Amino acid sequence: MLIGATTCRAQELSLPTLTLSLLHNFNTNSMRTSLFSFSSLSLLRSLTLSVPHHHQQCLHRRLLLCSLHKSRHPHQRISSLRSLNSLRTSAEQLACNEEKWDFSGYNENENDVFKFDGDPGGSGASGDLKHSELGLEVMELEELPEQWRRARLAWLCKQLPAHKVGTLVKILNAQKKWMRQDDATYVAVHCMRIRENETGFRVYKWMMQQHWYRFDFALATKLSDYLGKERKFAKCREIFDDIINQGRVPSESTFHILIVAYLSAPVQGCLEEACAIYNRMIQLGGYQPRLSLHNSLFRALVSKPGGFAKQYLKQAEFIYHNLVTSGLEIQKDIYGGLIWLHSYQDTIDKERITSIRKEMKQAGMVEAREVLVSILRACSKEGDVEEAEKTWLKLLKTDGGLPTQAFVYRMEVFAKVGEYLKSLAIFREMQECLGSASVAAYHKIIEVLCRAREVELAESVLKEFIRSGMKPLMPSFNDIMNMYLNLNMHEKLESAFSACINNSRPNRDIYNIYLDSLIKVGKLEKAQDAFNNMLSDEAIGVNTRSCNLILSGYLSSGYHMEAEKIYDLMCQKKYDIEPSLMEKLDYVLSLSRKVVKKPLSVKLSKDQREILVGLLLGGLRIDSDEYEKKHMIRFDFNENSSTHSILRRHLYDKYHEWLHPSCKLADESNDVSYRFSTISHSYFGFYADQFWPKGKPMIPKLIHRWLSPQVLAYWYMYGGHRTSSGDILLKLIGNREGVEKVVKTLKAKSLNFRVKRKGRVFWIGFLGNDSVWFWKLVEPYILDDLKSYLKAGDRTLDDNAEESRNINFDSASESEYSDDVHS
């Protein structure tokens, strides 16, 4: 039987002929025994598919009355009635299945979701994709000679979709003695026919583990396409990789659908995977994607904030190159997006921007306001005043008003060439035109004036900024304190530091500037207090610069014991000691130690261990090398989460000594990546065995011993959310037994909550007053800068709560668990 085609000789016969033939057979004894045969089912299915629905009902009634009339005994009539009802149900179900098995109707217009305005190619994947002519041949049940095998396969097709993974695998394992490739293929295809693609995937995975398994390219392609259309990108990717591992090139439809599935997922890292699949589609498969797919991927690249999107410039240029070489239409958004990406690069490629603008002009496209702003941004980095003024004049002629960024970039252009007073004049012009200056404009003009060392002007603008009530103020305090430090105006610097404390919360950079000033003027006691404040405040912390500053102060003042303590701290954190301090430090250490102390052996502290457990419960990942028995912890943070933005800096400092050298920042850099990892080390083997055995998330058996308030706090900060109503949700991935252990432990701590499963994730919800009790337990361990984001009861919404917005605990119960937690 060829999938998607229904061929039946019975459809060529007329309704009266078939009816009379079937009624005649009911009068014979042989038909009484053949009611249960699959050949009769096939005949009735063909009949059912060939006649209208009201004729089907009439036929069933005539068959039933005839059977009852010919039955001699009551029990025979009942038997006939049951048989006919079963026959009717089976026939209707098979007819329904045949109607559902229609590939052309399973389009879902996946490209329309990612289509640019005016994109002519948005009708779905099935229109002009290059499918290989896949001959997925599946047997009919009536073709099997053994009646018992037909019965078993029919039973499996009915039972498997109704069970979860654990039971499903047990049922399949019980069929090992007789089940073979063709049998399993029939069951998998039947599941796809009735849209139970999840069950079909489980059957396919079970097939792969059997000794008789032979790779079936057509089956793998159809299953991966169906899973991808349901946006189950992980399972679709698994089959995709299996196809490649078999030495085959996936079909164009598989590439296309997998890319769309990745672009549809709001999961970090999916955009990178979509780009990788797109590149392989062209380079490995030699396919030419549709216009809508090019546009969809390009739009996803430029949808990120500029600071993050600039890394995708090469990918964007590759998409543009493919559009040109394929002869496809290049839309205005493509040109504008390329210029936008180029304008955010550290080194501006002026020739490339000029070339893109020339191509836009040749295509008859007018540069929109967004494009002009991007050009101004590029000019501000190059100090190109002439081009900036030309662009500014074009902006004045556009509709929609002047964007605030345009003023800021224009201020920067003149600052680059040393005309800071012109920048100040543009700032005042902005205030007149727009009624007030933006926060970015205040930051920029104060930065410009501080670079020019215009003390009075910078101070007056900063006072004006403070009076406006706008936030944040720290970038401006940072600039003005740096100016004071360079000018040796230490009294003013100390006064600015006090003003910063009164108006905002100082960060580490401001503390380091203040610490540097105190060391230079010899105020060692104040410097020691400032350093201790930094060390005790988890949200601030210390770094290499802080330690070197206080170490230089101790060494110059003869505080040898304190210098040794700082040295031990720097060894533990693996901070580099400045060469100028090493000579003095060697002498100090030689007085109290026979041998200069080597860096301490690295071990996790108690705090680090508890924090790590909380992060692992929240979804932190461990990658293992089973051959070398070494393990690496991967810290991944959500770029759209305010909570993660603050937490990443704290965790970077907390595990600094364990971080891989490629992940460590230069001393003056503050841009902590949203992804960093530790070195590979056998020390993490315990945590890998407990939380990530064989590369899969697991909840340890001894978790009840480790759920301290600090563990819960970091679990909440990393893997939790606060809803708009002030409720607290904790995300948990694991099996049923592990979740039950966590539930029992939390109950033992007198915490009330609800549990809800959504997909492969469990959510533990502390609702109403229960969230307040949970908050009181974890609040001492929540970072100060995060308390306003995470405090229970406040009716505000964390920007990372999208994943949990559809969680409804009204229908949930503490016993609502599932074995299928790795799907």
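About the thresholds
Residues numbered from 1 in each chain as written. Predicted model: local features only at pLDDT ≥ 70, side-chain atom pairs only at ≥ 80, totals over all residues. Heavy atoms only, no water. Helix = DSSP H or I, 4+ residues; strand = E, 2+ residues; numbered from the N terminus. Buried < 20%, exposed > 50% of the residue type's maximum accessible area, 1.4 Å probe, protein only. Contact = heavy atoms within 4.5 Å. Pairing = 2+ DSSP bridges. Core = buried A, V, L, I, M, F, W, Y, C linked by side-chain atoms within 4.5 Å. Axes fitted to C-alpha atoms, helices over the stretch in contact; angles between N-to-C directions. Expected span 1.5 Å × (residues − 1). Arc of directions from axis to C-beta. Salt bridge = Lys/Arg side-chain N within 4 Å of Asp/Glu carboxyl O. Parallel < 35°, antiparallel > 145°, perpendicular 65-115°, else oblique. Left-handed = near helix turned anticlockwise from the far one by under 90°. Nonpolar A, V, L, I, M, F, W, Y, C, P; charged D, E, K, R; others polar.

**Observations regarding the overall build of the protein**
Regarding its fold elements, the protein presents 38 helices and seven strands. Each of the 823 residues in the protein was classed as buried or not, and the buried ones make up 50%. Put simply, 68% of the contacts in the protein that link residues at least 6 apart link residues at least 24 apart.

**Re unusual backbone geometry**
Omega for the bond connecting Lys471 with Pro472 falls within 30 degrees of zero, at 0 degrees, which places this linkage in the cis form. Residue Arg195 is not a glycine yet carries a positive backbone phi of 65 degrees. By the secondary structure assignment, Arg195 is in the loop between α8 (181-193) and α9 (197-208). You can call Arg195 partly exposed: its relative accessible area is 24%. Positive phi is not limited to glycine here, since Asn488 has a value of about 55 degrees. The class for Asn488 is exposed, based on a relative accessible area of 52%.

**Some details on the side chain of His650**
Mapping His650 onto the fold places it in helix α33 (residues 642-654). Judged by its relative accessible area of 3%, His650 is buried.

**Regarding the pairing of strand β2 (residues 630-636)**
Burial along β2 is one-sided: His631, Ile633 and Phe635 are buried, and none of Lys630, Met632, Arg634 and Asp636, which face the opposite way, are. Where strand β1 (residues 621-625) meets β2, five bridges bridge the pair, whose relative direction is antiparallel. Each bridged residue has a counterpart across the sheet, and for Asp625 the counterpart in β2 is Lys630.

**Observations concerning the nonpolar core**
Counting residues in each nonpolar core, the largest one holds 156 residues, and the members touching the most others are Val187, Met481 and Leu551. Once you skip the residues sitting within four places of it in the chain, Leu551 turns out to touch Ala563, Ile566, Met570, Ile577, Leu581 and Leu585. Residues Ile611, Leu612, Phe635 and Leu651 belong to the second largest nonpolar core, which totals 60 residues.

**Details of the environment of Leu665**
Here Leu665 lies in the loop between α33 and β3 (675-677). We classify Leu665 as partly exposed; its relative accessible area is 27%.

**What to know about the sheet that holds β1**
Note: strands within a sheet are paired through backbone hydrogen bonds, in either parallel or antiparallel orientation. Read from one edge of the open sheet, three strands run β1-β2-β3, paired in antiparallel fashion. At either margin of the open sheet sits one strand with a lone partner, and together these are β1 and β3. Averaged over all pairs of adjacent strands, the angle between their axes in this sheet comes to 25 degrees, without regard to strand direction.

**Section: the sheet that holds strand β5 (residues 728-732)**
The four strands are arranged β4-β5-β7-β6 in an open sheet whose pairing can be described as antiparallel. At either margin of the open sheet sits one strand with a lone partner, and together these are β4 (720-722) and β6 (754-758). Direction aside, the axes of adjacent strands within the sheet are offset by 25 degrees on average. Sheet topology note: the β6/strand β7 (residues 761-766) ladder contains five bridges and is antiparallel. Looking across to β7, one finds that Lys756 is bridged to Trp763. Where helix α36 (residues 736-748) meets the sheet, its contacts fall on β5, β6 and β7, and the angle it forms with β7 comes to roughly 10 degrees. Together, β5 and β7 form the strand contacts of helix α37 (residues 769-778), whose direction differs from that of β5 by roughly 70 degrees.

**Some details on helix α26 (residues 490-503)**
Residues lying three or four places apart along an α-helix face the same way, a consequence of the helix completing one turn every 3.6 residues. Along its 14 residues, α26 runs 20 Å from first to last C-alpha, staying within 8% of the 20 Å computed at 1.5 Å per residue. Those residues of α26 that fall on the buried side of the exposure criterion are His490, Leu493, Glu494, Ala496, Phe497 and Cys500. All buried residues of α26 lie within an arc of 160 degrees about the axis, which places them on one face of the element. Exposed and facing more than 90 degrees away from the buried side of α26 are Glu491 and Asn502. As for α26, its buried residues are in contact with α25 (474-486), α27 (508-520) and α28 (524-536).

**Let's talk about helix α20 (residues 385-396)**
The end-to-end C-alpha distance of α20 is 16 Å, a good match for the 16 Å that twelve residues give at a rise of 1.5 Å each. Along α20, the positions that sit buried rather than exposed are Ala388, Thr391, Trp392 and Leu395. The buried residues of α20 all sit within an arc of 105 degrees when viewed along its axis, so they share a single face. Across from the buried face of α20, at angles greater than 90 degrees, the exposed residues are Glu386 and Leu393. As for α20, its buried residues are in contact with α19 (369-382), α21 (404-416) and α22 (420-434).

**Notes on the pattern of salt bridges**
Taken as a whole, this structure holds 37 salt bridges when the rule is applied. One salt bridge in this structure joins Asp636 and Arg634, with 3.1 Å as the shortest N-O distance. A residue is classified by how much of its surface remains accessible, and Arg634, at 30% relative accessible area, is partly exposed. Across the pair Arg736 and Glu740 runs a salt bridge whose closest N-O atoms are separated by 3.4 Å. With a gap of four residues between them, Arg736 and Glu740 both fall in helix α36, about one helical turn apart. Judged by relative accessible area, Glu740 falls into the partly exposed class, the value being 25%. Salt bridges sharing common partners tie together Arg505, Asp537, Asp784, Asp785 and Lys787.

**Examining the packing of α27 against α28**
Contact geometry for α27 and α28: axes closest at 8 Å, N-to-C directions at 160 degrees. Accordingly, the angle class assigned to the pair α27 and α28 is roughly antiparallel. The handedness of the crossing between α27 and α28 is left-handed. On the side of α27, the interface is formed by Arg508, Tyr511, Asn512, Tyr514, Leu515, Leu518 and Ile519, while α28 contributes Leu524, Lys526, Ala527, Ala530, Phe531, Asn533 and Met534. Its residues placed into classes, the contact of α27 with α28 shows ten nonpolar, two polar and two charged.

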